[in-house]
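Chain and residue survey
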Amino acid sequence: MTVTASNYARAANDLYQTEPWATEVLLRHFPVCRDDVVWEPAAGAHLMADVIRDYGAFVVTSDIEVYTKGHHFIWDFIDGPADQLLPQPHAIITNPPYGKQNRLAVRFAELALERCDGMVALLLTAKFDFGKTRRHLFQNNPRFMAKIALLDRISWAGNGETGTEDHAWYVWGPGTYAVAHMLWGAK
Ligand SMILES: C[S@@+](CC[C@H](N)C(=O)[O-])C[C@H]1O[C@@H](n2cnc3c(N)ncnc32)[C@H](O)[C@@H]1O
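First, a word on scope: everything that follows refers to the structure included in this document.

Analysis parameters
Residues numbered from 1 in each chain as written. Predicted model: local features only at pLDDT ≥ 70, side-chain atom pairs only at ≥ 80, totals over all residues. Heavy atoms only, no water. Helix = DSSP H or I, 4+ residues; strand = E, 2+ residues; numbered from the N terminus. Rg over C-alpha atoms; globule rule 2.2 N^0.38 Å. Buried < 20%, exposed > 50% of the residue type's maximum accessible area, 1.4 Å probe, protein only. Contact = heavy atoms within 4.5 Å. Areas by Shrake-Rupley, 256 points an atom, 1.4 Å probe, with all protein chains shown as cover. Lys, Arg positive; Asp, Glu negative; His and termini not counted. Charge placed at Lys NZ, Arg CZ, Asp CG, Glu CD. Core = buried A, V, L, I, M, F, W, Y, C linked by side-chain atoms within 4.5 Å. Salt bridge = Lys/Arg side-chain N within 4 Å of Asp/Glu carboxyl O.

With that out of the way, let us pick up the overall build of the protein chain. Broken down by element type, the protein chain carries three helices and eight strands. Helices and strands in the protein chain line up, N terminus first, as α-β-α-β-β-β-α-β-β-β-β. Taking 16 Å as the expected radius of gyration for a compact globule of 187 residues, we find that the protein chain reaches 15 Å, a close match to that expectation. When its C-alpha atoms are laid out on the principal axes, the protein chain stretches across 40 × 35 × 30 Å. Residues classed as buried in the protein chain amount to 51% of the 187 residues present. The long-range fraction of contacts in the protein chain, counting pairs at least 24 apart against all pairs at least 6 apart in sequence, stands at 68%. Counting every atom, the protein chain has about 9,400 Å² of accessible surface; 53% of that belongs to carbon and sulfur. Here the protein chain contributes 17 positive and 21 negative side-chain charges, whose respective centroids are spaced 8 Å apart.

What follows is the structure in structure tokens.
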């Protein structure tokens, strides 16, 4: 999650937790199956992982830090040793740390696509795909499949106070998609 030019201090490790409805929007459009192994590699306190599990998938969690729930493994998704990688999950779904100018988010997207031949779904800022330097993820990426604009804003504070920024799900598939779809979702 991004806190834009403002006086807000960023949360340590970019820990902004995703309200369950936002993950449900993704899963309504792109359901998971009972046999699916989904990797949540920036799992935080498992708000997203728990929803994916409730929808039927087997969810493997990792993060650089433990908050309230233990993960399957502690792992730095950007700099962690490659020999500890989860072998090809069916999907990677997460709300990654964004970092300055979204640099961490871009790296997460690149690495997630390398590490998963199936579906990759990332919750990012609504204009994340506008960057000219991100064409390799969207315009020039045959796997890019869909963008789901969230019509409601997520409360990152977890207190119902609505955030100030719009977000969207970006979804890449296993194959080649001639047309990327624009979808909309709300609570
Ligand atoms: C925006 S929070 C999202 C948490 C959770 N996915 C959710 O949606 O509720 C980002 C998470 O990324 C983790 N994180 C930050 N840098 C990371 C890295 N290099 N590798 C793995 N996880 C990282 C943080 O600890 C934090 O839990």
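Residues Leu26, Phe30, Ile52, Ile93, Leu150, Trp169 and Val171 are the most contacted members of the largest nonpolar core, which totals 28 residues. Those elements that place two or more of their residues in this core are α1 (20-29), α2 (47-54), β4 (91-94), β5 (119-125), β6 (144-150) and β7 (167-172). Broken down by element, this core gets its largest block of residues, five residues, from α1. Ignoring any residue separated from it by four or fewer positions in sequence, one finds Phe30 in contact with Met119, Met145, Ala146, Ile148, Val171 and Leu183. Formed by 27 residues, the second largest nonpolar core is a distinct cluster that contains Ala42, Ile92, Ala112 and Val120.

As a further point, take the pattern of salt bridges. Taken as a whole, this structure holds five salt bridges when the rule is applied. With its nearest N and O atoms 2.7 Å apart, the salt bridge here joins Glu110 to Arg107. Of this pair, Glu110 and Arg107 both sit in helix α3 (residues 103-115), three residues apart, roughly one helical turn. With its nearest N and O atoms 3.1 Å apart, the salt bridge here joins Lys147 to Asp129. Of this pair, Lys147 sits in strand β6 while Asp129 sits in the loop between β5 and β6, and the two are 18 residues apart along the sequence. Taking the relative accessible area as the measure of exposure, Lys147 reaches 9% and is therefore buried. Given the relative accessible area of 23%, Asp129 is considered partly exposed.

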